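# Descriptive analysis of the structure
Read off the chains here:
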Amino acid sequence: MIRASAPGKLILFGEHAVVHGQPAIAVPLHAISATIEVEAAPAGTGITIALPDVQAMLSAGNNEAQADNALTYTAQLVLQKLAVNPPDLRLMLHSTIPMGAGFGSGAAVSTALARALSSALGQPLDNPTLNELVYEVEKIHHGTPSGIDNTVIVYEQPVFFIRGQAITTFRITKPFHLLVGRVDYATPTHVTVGDVRKLHEQQPQSVGQIFATIGEIARQARRAIETGEIATLGPLMNENQALLRELTVSDTLLDNLCEVAMQAGAWGAKLSGGGRGGNFIVLVPEMTALWQPIQHALLQAGAVEVFFTTIGETH
Ligand code: PMV
């Protein structure tokens, strides 16, 4: 049986400003992943994509790419790319990545599907081709995606991402520890991205300055990660969070959770991803005994799920 997986992702610095040409930093999140398993199916059935609770069908004669369902669209793009007719295959999706929470669920599922299907057809796609294909699918979810999600998920590397530029990865000299949490609501990324765009149109000068400052924070954060000066990432996260608030993409609960984390002893905290719900990250000190009180305080303050992850550990 053929099987392919793709991890989730976390944006550490630079979301939103990245849509407007500034750098952002993202890392793969191996603790959660999407997997596709491929099995032979009866002749004439075409490709069936089985989800835990929905059945999406691709009919055997149809290889016109249609942007209505991200999964069938991914499969159709693969068939188009490889110039083959739909084979008789059953693709089963298993994912531990919460959907719509800013962990890159859409990009991970598409990546796993395109990898598994192209391998099953005996022509596995290389990463640059896969990245382009998943970017096309991302447009369904995001409208005008910067491309950061598909890039970090396809390459499974930390990325220092600038829209339209060659992919730059970087070294994490010293692993660091995050608490990753989420709240029980989310706002579609295209909504917050659209609102930030409107704000920029209304106040080009001041919002342009916010983007530039976020870009500078991302550059400083990269240097800190490369030199292993982890504690300096904390204030950079807090500054980035304050600027995201100015861009109107934070909200009362996310602001409060960042506050609560700091009061409980965190080094820094910010939302991660599109904002107005979704997920947030907290940089915790090295001493593990200090982690649980922060986790507890966050859960008390309204986070629905909070887990530990180490960034930069070989896996
Ligand atoms: O996919 P999300 O919701 O984690 O956010 C993506 C990051 C944004 O910068 C807000 C949008 C983008 O396309 O880069």
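Our subject is the structure that appears above.
Let me begin by describing the structure that accompanies this report. These numbers were taken from a predicted model, which means no experiment stands behind them.

For helix 1 (residues 70-82), with 13 residues, the first-to-last C-alpha span of 18 Å sits near the 18 Å given by 1.5 Å per residue. Ala 70, Leu 71, Thr 72, Tyr 73, Thr 74, Ala 75, Gln 76, Leu 77, Val 78, Leu 79 and Leu 82 are the residues of helix 1 that are buried. One side-chain oxygen at the N-terminal end of helix 1 lies 2.7 Å from the backbone nitrogen of Leu 71; it belongs to Asn 69. Positive phi shows up at Ala 83, right after helix 1, with a value of about 50°.

Structurally, Arg 276 is set in the loop between strand 9 (268-272) and strand 10 (279-283). Beyond its immediate stretch of four places on either side in the chain, Arg 276 contacts Tyr 185, Ala 186, Thr 187, Val 191, Thr 192, Asp 195, Thr 248, Val 249, Ser 250, Asp 251 and Leu 254.

In the vicinity of the ligand lie 16 residues, with Lys 9, His 16, Ser 146, Asp 149 and Thr 189 positioned nearest. One nitrogen or oxygen atom from the side chain of Asp 149 is found 2.8 Å from an oxygen atom belonging to the ligand. The separation between an oxygen atom of the ligand and a polar main-chain atom of Gly 274 is 3.2 Å. Of all elements in the fold, only strand 1 (2-13), helix 4 (148-155) and helix 5 (189-202) reach the threshold of two or more residues within the shell around the ligand. Across the shell around the ligand, the residue classes tally to 6 nonpolar, 7 polar and 3 charged.

So, on to the sheet that holds strand 10. Strand order across the open sheet formed by 4 strands is 9-10-8-11, with antiparallel pairing between neighbours. Two strands bound the open sheet, and with one partner strand each, they are strand 9 and strand 11 (305-311). Each neighbouring strand pair of the sheet contributes to a mean axis angle of 25°, computed without reference to strand direction. Direction of pairing for strand 8 (residues 176-182) relative to strand 10: antiparallel, over a ladder of 5 bridges. Pairing of Arg 182 across the sheet is with Asn 279, part of strand 10. Against the sheet, helix 7 (residues 233-246) touches strand 8, strand 9 and strand 10, its axis set at about 45° to strand 9. Its contacts with the sheet put helix 8 (residues 252-263) on strand 9 and strand 10, and the angle it makes with strand 9 is roughly 155°.

Attention now moves to the packing of helix 1 against helix 3 (residues 127-142). It is at 10 Å that the axes of helix 1 and helix 3 come closest, and there the two elements cross at 145°. Note on packing geometry: the crossing formed by helix 1 with helix 3 is right-handed. Facing Ala 70, Tyr 73, Thr 74, Leu 77, Val 78 and Lys 81 of helix 1, the residues of helix 3 in contact are Thr 129, Leu 133, Glu 136, Val 137, Ile 140 and His 141. Its residues placed into classes, the contact of helix 1 with helix 3 shows 7 nonpolar, 3 polar and 2 charged.

Here the structure, examined in full by the defined rule, presents 2 aromatic pairs. The ring of Phe 160 has Arg 222 lying over it, and the distance from NZ or CZ to the ring centre is 4.7 Å.

What follows covers helix 4. Across the 8 residues of helix 4, 7 count as buried, placing the element largely inside the fold. Tucked into the core, helix 4 has its buried residues touching strand 1, strand 2 (24-40), helix 2 (105-120), helix 3 and strand 6 (159-161). Count one or two residues on from helix 4 and you reach Glu 156, which has phi positive near 50°.

Rules used throughout
Residues numbered from 1 in each chain as written. Predicted model: local features only at pLDDT ≥ 70, side-chain atom pairs only at ≥ 80, totals over all residues. Heavy atoms only, no water. Helix = DSSP H or I, 4+ residues; strand = E, 2+ residues; numbered from the N terminus. Expected span 1.5 Å × (residues − 1). Buried < 20%, exposed > 50% of the residue type's maximum accessible area, 1.4 Å probe, protein only. Polar contact = N/O pair within 3.5 Å; in protein donor to acceptor, adjacent residues only side chain to side chain. Contact = heavy atoms within 4.5 Å. Near = heavy atom within 4 Å. Nonpolar A, V, L, I, M, F, W, Y, C, P; charged D, E, K, R; others polar. Pairing = 2+ DSSP bridges. Axes fitted to C-alpha atoms, helices over the stretch in contact; angles between N-to-C directions. Left-handed = near helix turned anticlockwise from the far one by under 90°. Phe/Tyr/Trp six-rings, centres within 6.5 Å; stacked < 30°, edge-to-face > 60°. Lys NZ or Arg CZ within 6 Å of the ring centre and 35° of its normal.

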